[in-house]
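# Breakdown of the fold
This is what each chain is made of:
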Amino acid sequence: MLRFFSRQEKQILSLSVTRHLFSAAAAAAAVPTTITASSNLYSKYSFVPPPSFKPQNPNSTQPHSQSPPKKQPKPRYRPPSSLDRTGEKPVQSSLPFDFRFSYTESSTEVRPIGLREPKYSPFGPGKLDRVWTGVCAPVVDPKVGSAEDEKTVEEKRRVMRERIQGEPLTNAERKALAETCQRHKSKRQVNLGRDGLTHNMLNDIHNNWKHAEAVRIKCMGVPTVDMKNVCTQLEDKTLGKIIHRHGGLLVLYRGRNYHPKKRPVIPLMLWKPHEPVYPRLIKTTIDDLSIEETKEMRKRGLAVPALTKLAKNGYYGSLVPMVRDAFLTEELVRIDCKGLPKSDYKKIGCKLRDLVPCILVTFDKEQIVVWRGKNYKPSENGFFLTEREPFDDSNNDSDNREEENESRKGIPGDSDYDSGESD
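Predicted, not measured: the structure shown is a model, and the values here were computed from it. (Residues numbered from 1 in each chain as written. Predicted model: local features only at pLDDT ≥ 70, side-chain atom pairs only at ≥ 80, totals over all residues. Heavy atoms only, no water.)

Membership of the largest hydrophobic core comes to 31 residues, with the highest contact counts inside it found for Phe-99, Ile-217, Leu-234, Leu-250 and Leu-252. Mapped onto this core, the elements with two or more residues apiece are α3 (147–165), β3 (189–192), α5 (199–209), β4 (214–219), α6 (227–238) and β6 (249–253). Residues in contact with Ile-217, not counting those within four places in the same chain, are Val-190, Leu-192, Ile-205, Leu-234, Gly-248, Leu-249, Leu-250 and Leu-252. With 25 residues, the next largest nonpolar core counts Val-222, Val-323, Leu-355 and Val-356 among its residues. (Core = buried A, V, L, I, M, F, W, Y, C linked by side-chain atoms within 4.5 Å. Buried < 20%, exposed > 50% of the residue type's maximum accessible area, 1.4 Å probe, protein only. Helix = DSSP H or I, 4+ residues; strand = E, 2+ residues; numbered from the N terminus. Contact = heavy atoms within 4.5 Å.)

Next comes the structure, spelled out in structure tokens:
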């Protein structure tokens, strides 16, 4: 045991001495020393440092010691602006009609009593060669033009439309085009919403006409109350032809002589202008009634059973005939408009007033209440589109039959069929 402990102590002592010597050597190496001996890289390897690495004296006049010129800072990026028209001429459009934000929801017969904003053109400053009056951009300057100029513009529009349309489509061609625009055949569609036929929609329709002869248009919301006006404005402003209609779905044909590269220039509106101020729809007292009678009629109108409930962005093409039929037996008619925006059912009430015709009573509690008046007479001359409008032309059918009969005369075996058909 004594030998074992003595050997172990000797090993521990030797290890401690070795560690002490190693730590002392490391500490001596860490102390900075000044080495006076010069490097032998220049003589042994012929190393010559490049000029950029040589020490430069700031007081020397050598060319390499001059500081490089500073780079000019780059100008700040300015994104392109559509309002910047420097050096550009105003756009000139050959379309022979006044430019409006909406062609179906604005009327030239009703004159506004004021404007909600200054007469800033929604096409941008200096971008259009027409003057913005706050409501429209007329094709004839109202300060210079006359009634003869307006007649000239109408004649120009009629001639342009006839030239683009060319010969009318036959029934077979019309049905084939209408079939290609159905939902299961094509996804190409233009939606017409609460703003009606807007000016920028004309550009969308012409863009679709680049790739197809006809385009499907889906009408929803307020404009569908008067579908006749929608169809008229579409044909008048696009110079096209409606060849199929089922409810709010229309198929608009571009014409035989339409050329996409010769399409008219349509300047786009950059923002939606504010609507002008029009006279109030609901007056304090209804015509020929006192204040007490008016209040009593409004209470009775809100208690009348609702004729129908309007859905948001629905099809309202049958609303006017329903109100007319109800007036045959009822004095007051109420239409439930819960869930519709206030501006929507006010526009619907305005259209009912002009189309039925009737007198608006109130818009309270999201309801439209109309009165037929004291001396009500059902209108007989009113024309409204049916649910599905036929576009077949009897003249085309007779011409097609004559052509088929002439072609069959030269085919053997068809004489018996022709004679039997004539009998």
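This paragraph deals with a nonpolar patch on the surface. Taken together, Tyr-120, Leu-270 and Trp-271 make up a surface patch of nonpolar side chains, about 310 Å² in accessible area. Structurally, Trp-271 can be placed in the loop between β6 and α7 (291–303). Given a relative accessible area of 34%, Trp-271 falls into the partly exposed group. (Patch = residues over 30% accessible without salt bridge, like charges linked within 9 Å, V, L, I, M, F, W, Y side chains within 5 Å. Areas by Shrake-Rupley, 256 points an atom, 1.4 Å probe, with all protein chains shown as cover. Salt bridge = Lys/Arg side-chain N within 4 Å of Asp/Glu carboxyl O.)

Moving on, we come to the pattern of salt bridges. This model, assessed by the stated rule, comprises twelve salt bridges. For Asp-236, the salt bridge identified is with Arg-157, shortest N-O distance 3.4 Å. Of this pair, Asp-236 sits in helix α6 while Arg-157 sits in helix α3, and the two are 79 residues apart along the sequence.

Glancing now at the confidence of the model for the protein. Confidence in the prediction of the protein, expressed as mean pLDDT, is 80, and 73% of residues score 70 or more. pLDDT under 50 marks residues 1–5. Its contacts with residues more than four places away, or in other chains, come to zero contacts. (pLDDT = per-residue confidence, 0-100.)

A few words now on the sheet that holds strand β7 (residues 306–309). In space, the four strands of this open sheet follow the order β7-β8-β10-β9, with mixed pairing throughout. The sheet terminates laterally at β7 and β9 (359–362), the two strands that pair on one side only. On average, each strand axis in the sheet is inclined to that of its neighbour by 30 degrees, with strand direction left out of account. Two elements, β7 and strand β8 (residues 332–336), share two bridges in a ladder whose sense is parallel. Along β8, the bridge assignment pairs Lys-309 with Asp-336. Contacting β7, β8 and β10 (367–371), helix α8 (residues 319–326) runs over the sheet at an angle of about 170 degrees to β7. With respect to the sheet, helix α9 (residues 342–355) is in contact with β8, β9 and β10, its orientation differing from that of β10 by roughly 15 degrees. (Pairing = 2+ DSSP bridges. Axes fitted to C-alpha atoms, helices over the stretch in contact; angles between N-to-C directions.)

With that settled, the discussion passes to the packing of aromatic side chains. For the structure shown, the criterion picks out seven aromatic pairs. For the ring pair Phe-97 and Phe-99, a centre distance of 5.8 Å and an interplane angle of 70 degrees mean the geometry is edge-to-face. Each of the two residues, Phe-97 as well as Phe-99, counts as buried. Here Phe-97 and Tyr-103 contribute two aromatic rings whose centre-to-centre distance is 5.7 Å and whose plane-to-plane angle is 85 degrees, an arrangement assigned as edge-to-face. Taking relative accessible area as the criterion, Tyr-103 reaches 4% and is therefore assigned buried. Taking the ring centre of Phe-99 as reference, the NZ or CZ of Arg-130 above it sits at 3.9 Å. Here the guanidinium or amino end of Lys-237 rests over the ring plane of Phe-97, the centre of that ring lying 5.5 Å away. (Phe/Tyr/Trp six-rings, centres within 6.5 Å; stacked < 30°, edge-to-face > 60°. Lys NZ or Arg CZ within 6 Å of the ring centre and 35° of its normal.)

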